[in-house]
Amino acid sequence: MTRNETATSLTCAQAIEKIYEFLDGELTPLVEEHIRAHLAICRKCHPSFRHEEVFLRFLEQRARIEKAPPELRRHIMRMLMDEEAAREPE
Ligand SMILES: [Zn+2]
């Protein structure tokens with residue numbers, strides 16, 4: 001079997017972990033792919049934290065983020081999360 005299978009069997013917690021790994025480490029396409037794979041099949045994880053939208057918006061800023069140190073990446077991610085949380089109390 002291929003290793004790709006692990007990408008689709010991430011748990012929600014593992015997906016979140018990957019996001020932080022992504023923030024701390026390099027913005028590798030492989031990690032991004034793993035996160036995307038999870039978000040594609042799990043749209044309901046963490047109702048209070050809509051990481052799918054946040055993550056996609058985070059990726060939109062990729063050009064800026066790639067030059068940023070991990071600390072700043074986390075800060076940007078945090079800002080997006082706060083924004084997202086404030087947008088819709090639902
Ligand atoms: Zn999930």
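Being a predicted model, the structure only gives us computed values, none of them experimental. (Residues numbered from 1 in each chain as written. Predicted model: local features only at pLDDT ≥ 70, side-chain atom pairs only at ≥ 80, totals over all residues.)

> Just give me the short version of the environment of Arg57, but keep the residues and values in it.
Mapped onto the elements, Arg57 comes out in helix α4 (residues 51-60). A residue is classified by how many C-beta atoms lie within 10 Å of it, and Arg57, with 15 of them, is partly exposed. Each C-alpha atom of the pair Arg57 and Met81 lies 9.9 Å from the other, and the pair is 24 residues apart in sequence. (Helix = DSSP H or I, 4+ residues; strand = E, 2+ residues; numbered from the N terminus. Buried ≥ 20, exposed ≤ 12 C-beta atoms within 10 Å, placed from the backbone.)

> Give me the confidence of the model for the protein: which residues, what numbers.
Of all residues in the protein, 79% attain a pLDDT of 70 or more, and the chain-wide mean is 80. Contacts of residues 1-7 to residues separated by more than four positions or lying in other chains number three contacts, the stretch itself having pLDDT below 50. (pLDDT = per-residue confidence, 0-100. Contact = placed C-beta atoms within 7 Å.)

> Describe in detail the nonpolar core, supporting the description with residues and values.
If you look at the biggest cluster of nonpolar residues, it comprises 11 residues: Leu10, Ala15, Ile19, Phe22, Leu23, Ile35, Leu39, Val54, Phe55, Phe58 and Met77. Of all the secondary structure elements, the ones that give two or more residues to this core are α2 (12-24), α3 (29-41) and α4. Looking at which element gives the most residues to this core, the answer is α2, with four residues. When residues no more than four places from it in sequence are discounted, the contact partners of Leu39 are Glu52 and Phe55. (Core = buried A, V, L, I, M, F, W, Y, C linked by C-beta atoms within 7 Å.)

> Go over the packing of α4 against helix α6 (residues 70-87), please, and point to the residues and values.
Running from N to C, α4 and α6 point in directions that differ by 135°, and their axes come no closer than 9 Å. As the angle between them shows, α4 and α6 are arranged oblique. Relative to α6, the crossing made by α4 is right-handed. Here Glu53, Val54, Arg57 and Phe58 of α4 come into contact with α6, specifically with Ile76, Met77, Leu80, Met81 and Glu84. Looking at the contact of α4 with α6 residue by residue, the class counts come to six nonpolar, no polar and three charged. (Axes fitted to C-alpha atoms, helices over the stretch in contact; angles between N-to-C directions. Parallel < 35°, antiparallel > 145°, perpendicular 65-115°, else oblique. Left-handed = near helix turned anticlockwise from the far one by under 90°. Nonpolar A, V, L, I, M, F, W, Y, C, P; charged D, E, K, R; others polar.)

> Which residues make up the environment of His38, and what values go with them?
Relative to the helices and strands, His38 resides in helix α3. Each C-alpha atom of the pair His38 and Ser9 lies 7.4 Å from the other, and the pair is 29 residues apart in sequence. Apart from the residues within four sequence positions on either side, His38 is in contact with Leu10 and Ala15.

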